[in-house]
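Listed here are the chains, written in short residue letters.
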Amino acid sequence: MKIINLVDELTKLQPFLYRFAYLLTKDNEAAKDLLQDTLLKTLEHKERFIKNTNLGAWMFTVMKNTFINDYRKHLLTKKLVCRIDELISEPYIIDGTDANYDLEWINKVIAEMSKGNRIIFGLYLSNYQYDEIAKKLNIPLGTVKSQIHNIKISLKKQLKELR
């Protein structure tokens, strides 16, 4: 596909891609960034596009994969010390000083883990499967399973004081 034709096609697809980006990100600026990243990747890797196939479908796939990869990178780069209230799916109200102290204490226990354990535990809490964690961190599956098991036992012992 000639570069001029490709730019014309990209221009036509841009409004549809932006809407899809917004559906993924739920944020105007993030959607614009995702669209820009997708367009850039499309131009950088135009030789991978198979002629006489659906350019739009290819670009939507590029966008979806870019979003997923960026989200996973974000999970790894942000602090993996979570607040306990972020870990509970149901909203609830904390009332009283004791409850706030308990949350601070739980966060302190998690923060005191080794960096490796915080990363593994953070991925586990972010709903990564054991095999995904092993692949992402390039460690054996058995190691991931045993480390998560040991982390859970350690946390139970340390947090027993809260009861």
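Look up: the structure comes first, before these words.
Overview of the structure. Keep in mind the model is a prediction, meaning the values are calculated, not measured.

## Section: the overall build of the chain
Across its full length, the chain holds eight helices and zero strands. Its helices and strands taken in sequence order, the chain reads α-α-α-α-α-α-α-α from the N to the C terminus. Per-residue burial over the chain gives 24% buried out of 163 residues. Contacts spanning at least 24 positions in sequence make up 57% of the contacts within the chain whose residues lie at least 6 apart. Accessible surface, the chain: about 11500 Å² in total, of which carbon and sulfur atoms supply 54%.

## Quick word on the side chain of Thr38
With respect to the helices, strands and loops of the structure, Thr38 is situated in helix H2 (residues 28-44). Not counting residues within four places of it along the chain, the set of residues in contact with Thr38 comprises Met59, Val62 and Met63.

## Here's the deal with the packing of aromatic side chains
To describe a pair of aromatic rings, one takes the distance between the centres and the angle between the planes. Using the criterion set out here, one finds four aromatic pairs in the structure. Between Tyr18 and Tyr22 the ring centres are 6.4 Å apart and the planes differ by 35°, which places this aromatic pair in the tilted class. Separated by four residues within a single helix, Tyr18 and Tyr22 lie in helix H1 (residues 3-25), roughly one turn from each other. Consider the rings of Phe121 and Tyr124, whose centres lie 6.3 Å apart with planes at 25°: the pair is stacked. Residue Phe121 and its partner Tyr124 are both found in helix H6 (residues 115-125); the two are separated by three residues, about one turn of the helix.

## Remarks on a negative patch on the surface
Judged by side-chain charge, Asp27, Asp33, Asp37 and Asp70 come together as a negatively charged surface patch. Structurally, the position occupied by Asp70 is in helix H3 (residues 55-77).

## Describing the pattern of salt bridges
In total, this model carries two salt bridges according to the counting rule given. Ionic pairing is found between Lys12 and Glu9, a salt bridge with its closest N-O pair at 3.7 Å. Of the two residues, Lys12 and Glu9 are both situated in helix H1; the distance of three residues between them amounts to about one turn of the helix. Using a relative accessible area of 54% as the deciding quantity, one classes Lys12 as exposed. You can call Glu9 partly exposed: its relative accessible area is 29%.

## What to know about the packing of H6 against helix H7 (residues 130-137)
Contact geometry of H6 with H7 gives a least axis separation of 10 Å together with a crossing angle of 140°. Of the possible angle classes, the one that applies to H6 and H7 is oblique. The handedness of the crossing between H6 and H7 is right-handed. Here Ile119, Ile120, Leu123 and Tyr124 of H6 come into contact with H7, specifically with Tyr130, Ile133 and Leu137. A class-by-class count of the residues in the contact of H6 with H7 yields seven nonpolar, no polar and no charged.

Criteria and thresholds
- Residues numbered from 1 in each chain as written.
- Predicted model: local features only at pLDDT ≥ 70, side-chain atom pairs only at ≥ 80, totals over all residues.
- Heavy atoms only, no water.
- Helix = DSSP H or I, 4+ residues; strand = E, 2+ residues; numbered from the N terminus.
- Buried < 20%, exposed > 50% of the residue type's maximum accessible area, 1.4 Å probe, protein only.
- Contact = heavy atoms within 4.5 Å.
- Areas by Shrake-Rupley, 256 points an atom, 1.4 Å probe, with all protein chains shown as cover.
- Phe/Tyr/Trp six-rings, centres within 6.5 Å; stacked < 30°, edge-to-face > 60°.
- Patch = residues over 30% accessible without salt bridge, like charges linked within 9 Å, V, L, I, M, F, W, Y side chains within 5 Å.
- Salt bridge = Lys/Arg side-chain N within 4 Å of Asp/Glu carboxyl O.
- Lys, Arg positive; Asp, Glu negative; His and termini not counted.
- Charge placed at Lys NZ, Arg CZ, Asp CG, Glu CD.
- Axes fitted to C-alpha atoms, helices over the stretch in contact; angles between N-to-C directions.
- Parallel < 35°, antiparallel > 145°, perpendicular 65-115°, else oblique.
- Left-handed = near helix turned anticlockwise from the far one by under 90°.
- Nonpolar A, V, L, I, M, F, W, Y, C, P; charged D, E, K, R; others polar.

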